[in-house]
Amino acid sequence: MSTLEIKNLHVSVETEDGEKEILRGVDLTINSGEVHAIMGPNGSGKSTLAYSIAGHPKYKITDGEVLLDGENILDLSVDERARAGLFLAMQYPVEVPGVSVANFLRTAKTAVDGEAPKLRTWVKDVNAALERVTLDPSFAQRSVNEGFSGGEKKRHEIAQLELLNPKFAVLDETDSGLDIDALRVVSDGVNRYTSQGDRGVLLITHYTRILNYIKPDYVHVFVAGRLAESGGEELAEQLEAEGYDKYVKAAAAL
């Protein structure tokens with residue numbers, strides 16, 4: 001069994017007014033086989049948590065650790081974190097003009113595994129992964145995210161997830177901008193990934209609708225850079241009914 005442990009994580013960013021603390025001591029443990037949903041209002045630091053775990057250079061770690069199977073991955077480069085078993089699906093996937101989806105996926109797989117996949121079987125694997133997220137095989141020849149719709153970008157991220165098959169997936173608002181059909185396709189992909197039984201997911205979202213398709217083991221309320229409350233699926237239902245107001249007010253009073 002694998003474990004992703006976030007311990008007392010403090011993160012700051014540089015602003016025009018100087019350094020600003022965004023994360024203020026986050027503690028969270030995710031075991032393989034678990035789905036943890038993080039919910040919270042805009043500006044609460046959810047995406048900062050995702051990008052800090054992944055190693056985005058914009059975010060400065062001022063205290064704390066992120067341990068993957070006991071190793072502090074904050075000491076690792078972004079690519080080393082990926083090889084260790086970490087995956088980030090971005091809220092706003094970037095365009096990479098001139099690099100085809102096919103070449104991107106094979107390069108990523110080679111980097112993560114340390115050896116290139118056999119071309120004959122790899123093409124079949126890629127086509128099958130694209131088909132599962134309702135993308136035509138010709139999609140593999142397009143430049144990464146260039147001219148993609150919001151749904152295509154997110155479905156492409158799920159195809160990456162299935163092909164790279166990391167130990168832990170951090171999904172940053174994967175449901176953002178999706179219509180109901182695309183939401184089902186993306187959710188089905190995440191469920192296929194978790195059905196292996198030994199994969200962990202940190203799912204960041206504003207809304208409960210994706211939790212109708214991806215059932216979380218734990219739900220966490222994230223406000224003002226901290227985890228304000230944790231619970232089960234019933235907590236998401238409470239948030240849907242009541243919103244975040246009481247948590248925001250409590251955080252402001254600190």
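Anything mentioned here points back to the structure above.
Fair warning: this is a prediction, and the values are worked out from it, not measured in the lab.

S.K.: How should I be thinking about the overall build of the protein in this particular structure?
M.R.: Within the protein, the regular secondary structure consists of eight helices and twelve strands. For 254 residues, the compact-globule formula gives about 18 Å, and the C-alpha radius of gyration of the protein, at 18 Å, lands near that figure. Dimensions of the protein, computed from the C-alpha atoms along their principal axes, are close to 60 × 40 × 40 Å. For the protein, the accessible area works out to roughly 12000 Å², and carbon and sulfur atoms hold 48% of it. Counting 27 positive and 40 negative side-chain charges, the protein places the averaged centre of each group 4 Å from the other.

S.K.: Would you mind showing me how to read the pattern of salt bridges here?
M.R.: Opposite charge on two side chains lets them pair, provided their charged atoms get close. The tally for this structure, following the rule as stated, stands at eleven salt bridges. Put simply, D181 and R184 hold a salt bridge, and the shortest N to O gap is 3.7 Å. With D181 and R184 both in helix α6 (residues 180–194) and three residues apart, this pair spans about one turn of that helix. Overall, the relative accessible area of 52% leaves D181 in the exposed class. We classify R184 as partly exposed; its relative accessible area is 40%. For E233, the salt bridge is made with K215, and the minimal N-O distance between the two is 3.3 Å. Placement of the pair is E233 in helix α7 (residues 233–242) and K215 in the loop between β10 (200–205) and β11 (218–223), with a sequence separation of 18 residues. Among the residues examined, K215 registers a relative accessible area of 47% and is labelled partly exposed. The structure contains a network of salt bridges with shared partners spanning R132, E162 and R192.

S.K.: What is the right way to look at the sheet that holds strand β4 (residues 60–68) in this model?
M.R.: Sheets are built from strands that pair by backbone hydrogen bonding, the pairs being arranged parallel or antiparallel. The antiparallel open sheet is built from four strands, whose spatial order is β2-β1-β4-β5. In the strand order of this sheet, the two ends are held by β2 (18–31) and β5 (71–72), each with one partner. Judged from the two bridges that link them, β4 and β5 form a sheet pairing that is antiparallel. Residue pairing for β5: L68 is matched across the bridge by E71.

S.K.: Explain the sheet that holds strand β6 (residues 86–89) to me, please; I cannot follow it from the model alone.
M.R.: Pairing in this open sheet of six strands is mixed, and the strands run β6-β9-β10-β3-β11-β12 from one edge to the other. This sheet does not close on itself; its edge strands, each paired only once, are β6 and β12 (226–231). Strand-to-strand twist of the sheet, defined as the mean angle between neighbouring strand axes without regard to direction, takes the value 20 degrees. Inspection of the sheet shows β6 paired to strand β9 (residues 168–172) by four bridges, in the parallel sense. Paired with L86 across the strands is F168, a residue of β9. Its contacts with the sheet place helix α8 (residues 245–252) against β11 and β12, and it is angled at close to 50 degrees to β11.

Reading the values: the criteria
Residues numbered from 1 in each chain as written. Predicted model: local features only at pLDDT ≥ 70, side-chain atom pairs only at ≥ 80, totals over all residues. Heavy atoms only, no water. Helix = DSSP H or I, 4+ residues; strand = E, 2+ residues; numbered from the N terminus. Rg over C-alpha atoms; globule rule 2.2 N^0.38 Å. Areas by Shrake-Rupley, 256 points an atom, 1.4 Å probe, with all protein chains shown as cover. Lys, Arg positive; Asp, Glu negative; His and termini not counted. Charge placed at Lys NZ, Arg CZ, Asp CG, Glu CD. Salt bridge = Lys/Arg side-chain N within 4 Å of Asp/Glu carboxyl O. Buried < 20%, exposed > 50% of the residue type's maximum accessible area, 1.4 Å probe, protein only. Pairing = 2+ DSSP bridges. Axes fitted to C-alpha atoms, helices over the stretch in contact; angles between N-to-C directions. Contact = heavy atoms within 4.5 Å.

So far we have only geometry, and geometry alone does not tell us how the molecule works.
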